[in-house]
Amino acid sequence: MTALPWYHKTTIYQIYPRSFYDSNSDGIGDLQGIIQKLDYIRELGFETIWISPFFSSPQADFGYDISDYTDIAPEYGTMSDALELIEEVHERGMKLVLDMVMNHTSEEHPWFKESRSSRDNPKADWYIWRDKPNNWQSMTGGSGWHYARERGQYFWSSFLPFQPDLNYRNPDVKRAMFDIVRFWLGRGVDGFRLDIFNVIYKDADFRDNPFSFKLVPTDEDPSSFFQQAKYTINQPESFAFAREFRKVCDEFGERLSIGEVNGGRKVLRKFLGDAANNGLTLVFDFEMLNLKFTADYFRDLIREMERHYPEPFMPVYVFSNHDKHRSMYRLGNDVRKAKLLAMFQLTVRGVPCMYYGEEIGMTDAKFPFAEAFDPIPHKFTFVPRFVFDLLGVLINRDEVRTPMQWNGTRNAGFSSAQKTWLPLHENYQTIHVEKQQAESNSLLNVVRALLKIRHQERCLQEGSLEILENLPKGVLGYARILEGEKILVLLNLDEQATEFPVGYSECIFKSSDRDDAKEKAIQLNGFGGMILRIKS
Ligand code: NOJ
């Protein structure tokens, strides 16, 4: 077996730069702030950092509306800070992944301003213009067509009206975007997280989307607002585009590309290319963000992931991000469950991706929609909040973007400004890094210990996976196997303690002091877990 490329055995930590660490006391996180906290991430044990966009932007969608891809938003720093960041990350032996929003720009981008100015300017065809809208709905609801007076035409926005979609059927657009990609690769970045990659191409004939009974999208089926997204997402050209993108990355060696895509696992796999793994190197699989905390759920999840992402592919395990509920929301704020989830995420066959603050169990905040900075809730002020809560859908993304909780002092040690861009979560005095660093069995220290084990055990990075059968109900078990080496992971997802026979030679990790490993049997507390070595 050949060694895996680094991007298939790495561990990813996602930073939302606005909320990570504020180095200049303006209440907003910044690049120098990230640099100051790199040792924290390295000591925690993550190897790759993905940073949400920090390019020039009017910040109408907090950086996912870019107005200059090769410059830095002043509130985050300068180009020299970005270059310093790349260097500092590399000096610590880590990798840096940028967030590339290729589908759309900001309406403030000079390309769009020019394109909008007339029907015959040099960039007239850089965006998607039509005389009349068809029935296509945007991903955020309502028609995605918006009228521009200057041209007397409508432009298409997959997401929000101020984020016009680029026209990738125009080769100049593709060339310009690939040049930007090369610009950053040339400056040493190790790869990209690719924003809504699966909507980059739309139907060339603008055929109307068919009717659907679905109002709310799911990750399995993105149909929504009574429409199947048949002609607006996952077009064949987007799969081909993934392979082209990969070629550009390959010009610079082994670089990571991770797609934000949705629409069912069979479709997601197509973004990874064919059997030769010549498309994106990884894709997110967001269905698991709606996890159910049962052994059956995780067993099925592993089976699905192993079926869809066998070698030479690699699944990604992700349980939260800057758009969705934090994982504590699904875990009923139970730290025991969070530790078990970390044990699962960091030992299963796949690349784990953890959102900042998850390592200390940060929880969702609750803010009134009307006061949201996030533009999405303003579209839905007519819907009472309890409807979204019943559906388990996060509408106000501010609630999962509160500042990182570093310590129990004012502003949780995030900033010394009078006012932070978002208020701190009210629980910051009880949930914070400093406290958990001092507690040996804290969630933070469990994550750190697991990452250390993962580093030491090549079997956990590269080994194949076998699900263990005939375990007590409520217990999830799997073996990671590499060249005669075998590591067992046993997780009791039930509140009841349990005992069962297992042969093993060494206990590598246990979630609590009371979980007991005897010669031929193990005892697991309710929500207890163990990692065992078997010598063959
Ligand atoms: C997905 C990003 O994760 C989200 O934060 C953003 O608002 C949209 N794409 C639009 O770029």
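Residues numbered from 1 in each chain as written. Predicted model: local features only at pLDDT ≥ 70, side-chain atom pairs only at ≥ 80, totals over all residues. Heavy atoms only, no water.

Draft legend 1. Region of interest: helix α3 (residues 79-91). Between the first and last C-alpha of α3 there are 18 Å, a value that for 13 residues agrees with the 18 Å anticipated at 1.5 Å per step. Looking only at α3, the buried set comprises M79, D81, A82, L85, I86 and V89. One face of α3 carries all of its buried residues, which in axial projection span an arc of 160°. The exposed residues of α3 that point more than 90 degrees off its buried face are E87 and E91. A positive phi of about 75° marks G93, the residue just after α3. (Helix = DSSP H or I, 4+ residues; strand = E, 2+ residues; numbered from the N terminus. Expected span 1.5 Å × (residues − 1). Buried < 20%, exposed > 50% of the residue type's maximum accessible area, 1.4 Å probe, protein only. Arc of directions from axis to C-beta.)

Draft legend 2. Quick peek at the packing of helix α10 (residues 335-347) against helix α13 (residues 443-456). The geometry of α10 relative to α13 is characterised by a closest axis approach of 10 Å and an angle of 15° between their N-to-C directions. Taken together, the axis directions place α10 and α13 in an arrangement best described as roughly parallel. Considering only the axes of α10 and α13, their crossing is right-handed. Judged by residue contacts, V335, A338, K339, A342, M343, Q345 and L346 of α10 engage L443, V446, V447, L450, L451 and R454 from α13. Residues that form the contact of α10 with α13 fall into these classes: ten nonpolar, one polar and two charged. (Axes fitted to C-alpha atoms, helices over the stretch in contact; angles between N-to-C directions. Parallel < 35°, antiparallel > 145°, perpendicular 65-115°, else oblique. Left-handed = near helix turned anticlockwise from the far one by under 90°. Contact = heavy atoms within 4.5 Å. Nonpolar A, V, L, I, M, F, W, Y, C, P; charged D, E, K, R; others polar.)

Draft legend 3. Summary view of the domain arrangement of the protein. Its domain assignment divides the protein into domain 1 (11-102 + 171-203 + 232-368 + 428-449) and domain 2 (465-534). Relative placement of domain 1 and domain 2: their C-alpha centres are 30 Å apart. Counting from both sides, the interface comprises 21 residues of domain 1 and, opposite them, 22 residues of domain 2. Remark: the boundary between domain 1 and domain 2 carries two salt bridges. For R336, the salt bridge identified is with E495, shortest N-O distance 3.2 Å. (Domains from an automatic or database assignment. Salt bridge = Lys/Arg side-chain N within 4 Å of Asp/Glu carboxyl O.)

Draft legend 4. Highlighting the nonpolar core. Counting residues in hydrophobic clusters, the biggest one holds 147 residues, and the most contacted among them are M102, W184, F298 and F344. Examining the composition of this core, we find that eight residues originate from one element, helix α5 (residues 171-186), more than from any other. Here this core spans two domains, and each of domain 1 (11-102 + 171-203 + 232-368 + 428-449) and domain 2 (465-534) adds at least three residues to it. Discounting chain neighbours no more than four positions away, the residues touching F344 are F298, L301, I302, Y317, F319, L476, Y478 and L491. (Core = buried A, V, L, I, M, F, W, Y, C linked by side-chain atoms within 4.5 Å.)

Draft legend 5. Representation of unusual backbone geometry. A cis amide bond, omega 10°, links E311 with the succeeding residue P312. Considering the arrangement of structural elements, one finds P312 in the loop between α8 (295-308) and β12 (316-318). A positive phi angle is found at N333, which is not glycine, with a value near 55°. For N333, the location among the structural elements is in the loop between α9 (327-330) and α10.

Draft legend 6. Broad picture of α5. The terminal C-alpha atoms of α5 lie 22 Å apart, and with 16 residues this matches the ideal 22 Å at 1.5 Å per residue to within 8%. Taken as a whole, α5 has its buried residues at V173, K174, A176, M177, F178, I180, V181, W184 and L185. Of the residues that open α5, the one with a side-chain oxygen 2.8 Å from the backbone nitrogen of D172 is N170. Backbone geometry just after α5 places G188 at a positive phi near 100°. (Polar contact = N/O pair within 3.5 Å; in protein donor to acceptor, adjacent residues only side chain to side chain.)

Draft legend 7. Inspection of the pairing of strand β17 (residues 498-501) at higher detail. The alternating pattern of β17 places T498 and F500 on a buried face, while none of E499 and P501, on the opposite face, is buried. Sheet topology places β17 next to strand β20 (residues 521-524); four bridges connect them, and they run antiparallel. What sits directly across from P501, in β20, is A521. (Pairing = 2+ DSSP bridges.)

Draft legend 8. Structural context of the site of the ligand. Close contacts around the ligand come from 13 residues, with D61, D195, H322, D323 and R397 the closest. Residue D61 places a side-chain N or O atom 2.5 Å away from an oxygen atom belonging to the ligand. Burial of the ligand by the protein amounts to 98% of the accessible area it has alone, namely 300 Å². Classifying every residue of the shell around the ligand by side-chain character gives three nonpolar, three polar and seven charged. (Near = heavy atom within 4 Å. Areas by Shrake-Rupley, 256 points an atom, 1.4 Å probe, with all protein chains shown as cover.)

Draft legend 9. How the structure looks around the packing of α5 against helix α6 (residues 236-250). Packing of α5 against α6 brings their axes to within 10 Å, and their N-to-C directions diverge by 40°. At the point where α5 passes α6, the crossing takes the right-handed sense. Taken together, the residues of α6 that come into contact with α5 (itself represented by K174, F178, V181, R182 and L185) are F241, E244, F245, V248 and C249. Across the contact of α5 with α6, the residue classes tally to seven nonpolar, no polar and three charged.

Draft legend 10. Quick look at the side chain of K337. Tracing the chain through its elements places K337 in helix α10. D334 provides the closest opposite charge to the buried, unpaired K337, separated from it by 4.9 Å. Not counting residues up to four positions away in its chain, the partners in contact with K337 are F293, L331 and F527. (Lys, Arg positive; Asp, Glu negative; His and termini not counted.)

Draft legend 11. Representation of the pattern of salt bridges. Per the stated rule, a full pass over the model turns up 42 salt bridges. The shortest N-O distance in the salt bridge between R533 and E506 comes to 2.8 Å. A residue pair is termed long-range when its members are at least 10 positions apart, and R533 in strand β21 (residues 529-535) and E506 in strand β18 (residues 506-510) qualify at 27 residues. Salt bridges sharing common partners tie together D61, D323, D374, R397 and R401.

Draft legend 12. Examining the pairing of strand β10 (residues 256-259) more closely. Here β10 shows two buried faces, one formed by L256 and I258 and the other by S257 and G259. Where strand β9 (residues 191-194) meets β10, four bridges bridge the pair, whose relative direction is parallel. The partner of G191 across the bridge, within β10, is L256. Note on the crossover from β9 through α6 to β10: the handedness is right-handed. With two bridges connecting them, β10 and strand β11 (residues 282-283) associate as parallel partners. Pairing of G259 across the sheet is with V283, part of β11. (Right-handed = clockwise from strand over helix to strand, strands pointing away.)

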